[in-house]
Amino acid sequence: MTLVETMIAIMILAIGLTTVFTSLVNARRGNQVAEDQALAHQGIQAQIETYQGIPFATLRSSFRGARFAVGALTPTDGHPSVGTITGAWNPDPAKLAPEANRVPGSPGSAERVPLRFRCEWSEGGSAMSAEVVYVFTQRGM
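Residues numbered from 1 in each chain as written. Predicted model: local features only at pLDDT ≥ 70, side-chain atom pairs only at ≥ 80, totals over all residues. Heavy atoms only, no water.

Asker: Help me get a handle on the packing of aromatic side chains, residues and values and all.
Answerer: Enumeration over the complete set of coordinates arrives at five aromatic pairs. Ring centres of Tyr51 and Phe117 lie 6.0 Å apart, and the angle between their planes is 85°; this geometry places the pair in the edge-to-face category. With a gap of 66 residues between them, Tyr51 in helix 1 (residues 3-52) and Phe117 in strand 3 (residues 112-123) connect regions that are remote in the sequence. Classification of Phe117 by relative accessible area gives buried; the value is 0%. (Phe/Tyr/Trp six-rings, centres within 6.5 Å; stacked < 30°, edge-to-face > 60°. Helix = DSSP H or I, 4+ residues; strand = E, 2+ residues; numbered from the N terminus. Buried < 20%, exposed > 50% of the residue type's maximum accessible area, 1.4 Å probe, protein only.)

Take a look at the structure:
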């Protein structure tokens, strides 16, 4: 083998190893994003289940918005918590002011209260989010 052939083989090997390690790093990033998305959805599900335990009349008359924390997720800059619960009619999911989240008295609203459960967190310098709109309904007799 000549020196040129050896150098070409080493370059091909270096390119192959670089590709493998880059793929591993990207797979790890993708896995972290998926884990954080799952954690956010678990936090949202826990909040929905908590609100399902509140009597509908109480929820309808006294809901004003809320915040919640989710495990190891870091809030985005300027936000005190990862999770917010607001009315689906509120156009700004970060606005927790009582007047923005008071249940409107429109026709049909007596039977349902749609709430927006939203998580926003920082993932490696990027803002990530997950959101679920859950409609609580009047049940029973």
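Asker: With reference to specific residues and values, describe the pairing of strand 3.
Answerer: Where burial is concerned, most of strand 3 is hidden: nine out of the 12 residues are buried. One ladder, built from five bridges, connects strand 2 (residues 83-87) with strand 3; its direction is antiparallel. Looking across to strand 3, one finds that Ile85 is bridged to Phe117. Pairing of strand 3 with strand 4 (residues 126-137) involves 12 bridges; the strand directions are antiparallel. Across the sheet, the residue bridging to Val113 is Phe136, located in strand 4. Where strand 3 hands over to strand 4, the hairpin turn is made up of two residues, of which Gly124 adopts a positive phi near 60°. (Pairing = 2+ DSSP bridges.)

Asker: Which residues make up helix 1, and what values go with them?
Answerer: If you check helix 1, its first and last C-alpha atoms are 73 Å apart, about what 50 residues at 1.5 Å a residue would give, namely 74 Å. By the burial criterion, the buried members of helix 1 are Asp36, Ala40, Gly43, Ile44, Gln47, Ile48 and Tyr51. Structurally, helix 1 contributes buried residues whose contacts are with helix 2 (56-62), strand 1 (66-68), strand 2, strand 3 and strand 4. (Expected span 1.5 Å × (residues − 1). Contact = heavy atoms within 4.5 Å.)

Asker: So, the nonpolar core: which residues are in play, and what are the values?
Answerer: Looking at soluble globular proteins, one finds that nonpolar side chains tend to be buried together. Counting residues in hydrophobic clusters, the biggest one holds 21 residues, and the most contacted among them are Tyr51, Ile85, Leu115, Phe117 and Cys119. Elements that contribute at least two residues to this core include exactly helix 1, helix 2, strand 1, strand 3 and strand 4. Element by element, the count of residues in this core is highest for strand 3, at five residues. With near-sequence residues (within four places) excluded, Ile85 lies in contact with Gln47, Tyr51, Phe63, Gly65, Ala66, Phe68, Leu96, Leu115, Arg116 and Phe117. (Core = buried A, V, L, I, M, F, W, Y, C linked by side-chain atoms within 4.5 Å.)

Asker: Explain the pattern of salt bridges residue by residue, including any values.
Answerer: Inspection of every chain in the model, using the stated rule, returns three salt bridges. Put simply, Glu131 and Arg116 hold a salt bridge, and the shortest N to O gap is 3.6 Å. Linking Glu131 in strand 4 with Arg116 in strand 3, this pair joins segments that are 15 residues apart in sequence. As a salt-bridge pair, Arg118 and Glu131 come within 2.7 Å of each other at their nearest N and O atoms. Of this pair, Arg118 sits in strand 3 while Glu131 sits in strand 4, and the two are 13 residues apart along the sequence. Here the salt bridges do not stand alone but share partners, grouping Arg116, Arg118, Glu120 and Glu131 into one network. (Salt bridge = Lys/Arg side-chain N within 4 Å of Asp/Glu carboxyl O.)

Asker: Explain the sheet that holds strand 4 to me, and be specific about the residues and the numbers.
Answerer: Spatial strand order, 1-2-3-4: four strands in an open sheet with antiparallel pairing. With one partner strand each, in any of the chains shown, strand 1 and strand 4 form the two edges of the open sheet. Each strand of the sheet is rotated relative to its neighbour by a mean of 20°, with strand direction disregarded. (Axes fitted to C-alpha atoms, helices over the stretch in contact; angles between N-to-C directions.)

Asker: Quick rundown of the side chain of Gln47? Include the residues and the values.
Answerer: Mapped onto the secondary structure, Gln47 falls in helix 1. When neighbours within four sequence positions are excluded, Gln47 is seen to be in contact with Phe68, Ile85 and Phe117.

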